[in-house]
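What follows is each chain in one-letter form.
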Amino acid sequence: MDGFNNRRDPVKIRSEQATICLPDAHATRSLGVQLGQVLPAYTVLLLQGDLGSGKTTFVQGLGEGLGIADPIDSPTFALINEYWNGRLPLYHFDLYRLSPSEAASLYPETYWEGDEKEPGIVAIEWAERLIYLPDAYLSLHFYYDYGSGRRVDWQTVGSLELAPLLVGLKLSTAQAPAE
Ligand SMILES: Nc1ncnc2c1ncn2[C@@H]1O[C@H](COP(=O)(O)OP(=O)(O)OP(=O)(O)O)[C@@H](O)[C@H]1O
Ligand SMILES: [Mg+2]
């Protein structure tokens, strides 16, 4: 992986990918727990995948990993739920019912720019509705796969590096990242 040692190219745009098998709902939640324990403030997670593919289950784990005691429900009607009693704020969006222009009217960028909102973790379900994307993010695309289970394709964009996120993940052998 290239570093940032080229002075004429101080911001390296990376695009890195991985796939993780999620054989059951516990695996989806566990992945969220582990990321919730380590992700730094300003991390934006763009979640995509068909209805019922596991996005909210993952965010429930994320909340647990952040130490949030409140139950995390799908914000389908609230659109944005904010949780404040973990190690970082969690901002959980669900854009399913919104058109792209309606999603833009929520000004989601205020949640990752850090000027108006306390820096935290931003998790956005149905992120394909976003018109404007952050400079750096982790895209997690959930798919039905492995019989009754799921898989999740990861992609980091911008300055967010994928490898440090994968190091130390505790996955069952059935969850090993694919080649
Ligand atoms: N890896 C998995 N294998 C099998 N079932 C799973 C897995 N992950 C989550 N589930 C189950 O799938 C169901 C739907 O999950 P969830 O609500 O998280 O999906 P979602 O993507 O948020 O759906 P929506 O698009 O409606 O918001 C839940 O019953 C959950 O327990
Ligand atoms: Mg959901």
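Criteria and cut-off values
- As a convention, each chain's residues are numbered from 1 in the sequence order in which they are written.
- Written order determines the labels here, with chains lettered from A and ligands numbered from 1.
- Thresholds applied to this predicted model are a pLDDT of at least 70 for local features of residues and 80 or more for the giving and counting of side-chain atom pairs; totals over whole chains, interfaces and linings are not thresholded and use all residues.
- By definition, a residue lies near a molecule or strand provided its backbone-derived C-beta atom is within 6 Å of it.
- Secondary structure counts use DSSP, requiring at least four H or I residues in a row for a helix and at least two E residues in a row for a strand, with both numbered from the N terminus.
- Residues are grouped as follows: Ala, Val, Leu, Ile, Met, Phe, Trp, Tyr, Cys and Pro are nonpolar; Asp, Glu, Lys and Arg are charged; all remaining types, including Gly, are polar.
- Neighbour counting defines burial: a residue surrounded by 20 or more other C-beta atoms within 10 Å of its own C-beta is buried, one with 12 or fewer is exposed, and intermediate counts give partly exposed, using backbone-placed C-beta atoms.
- Here, strands pair whenever DSSP counts at least two bridges between them.
- Remark: residues whose backbone-derived C-beta atoms lie within 7 Å of one another are considered to be in contact.
- In plain words, the nonpolar core is the set of buried Ala, Val, Leu, Ile, Met, Phe, Trp, Tyr and Cys residues that C-beta atoms within 7 Å link up.
- pLDDT runs from 0 to 100 and stands for how confident the predictor is about each residue.

1. Examining the site of ligand 1
Lining the immediate environment of ligand 1, one finds 18 residues, of which L22, A25, G54, T56 and T57 sit closest. Secondary-structure elements contributing two or more residues to the shell around ligand 1 are α1 (25-38), α2 (55-66) and β7 (149-158). Tallied by class, residues from the shell around ligand 1 come to four nonpolar, 10 polar and four charged.

2. Section: the environment of A27
Structurally, A27 is set in helix α1. Taking the C-beta count within 10 Å as the criterion, A27 has 25 such neighbours and is therefore assigned buried. Residues A27 and L171, spaced 144 residues apart in sequence, show a C-alpha to C-alpha distance of 7.9 Å.

3. Focus on the pairing of β7
Moving residue by residue along a regular strand, the side chains alternate between the two faces of the sheet. One ladder, built from nine bridges, connects strand β6 (residues 137-145) with β7; its direction is antiparallel. Residue F142 lies in a different strand from β7, and its bridge partner there is V152.

4. Examining the environment of R129
Mapping R129 onto the fold places it in the loop between β5 (121-125) and β6. In sequence terms R129 and S101 are 28 residues apart; their C-alpha atoms lie 8.3 Å from each other. Setting aside chain neighbours within four positions, we find R129 in contact with L95, L98, P100 and A103.

5. Side note on the pairing of strand β4 (residues 90-94)
With respect to burial, β4 is a largely interior element, five of its five residues being buried. The alternating pattern of β4 places L90, H92 and D94 and Y91 and F93 on opposite faces, both of which are buried. Pairing analysis gives four bridges linking strand β3 (residues 80-83) to β4, with the strands arranged antiparallel. Looking across to β4, one finds that Y83 is bridged to L90. Count of turn residues in the β3/β4 antiparallel hairpin: six residues.

6. Details of the nonpolar core
Where a protein is soluble and globular, its nonpolar side chains tend to be buried together. The biggest cluster of nonpolar side chains holds 38 residues, and the ones touching the most others in it are L45, L90, V122, A123 and I124. For this core, the elements supplying multiple residues, two or more each, are β1 (14-22), α1, β2 (44-49), α2, β4, α4 (109-113), β5 and β6. Sequence-distant contacts of L90, that is, excluding residues within four places in its chain, are made with L62, G63, L66, I68, Y83, G120, I121 and A123.

7. Things to note about unusual backbone geometry
Notably, W126 is not glycine yet its phi reads approximately 60°, a positive angle. In this fold, W126 is placed in the loop between β5 and β6. Positive phi outside glycine occurs at Y146, with the angle close to 50°. For Y146, the position within the fold is in the loop between β6 and β7.

8. Considerations on the confidence of the model for the protein
In this model, the protein carries a mean pLDDT of 88, and residues with pLDDT of at least 70 account for 87%. Counting interchain partners and residues more than four positions distant, the pLDDT-below-50 stretch residues 1-11 has five contacts.

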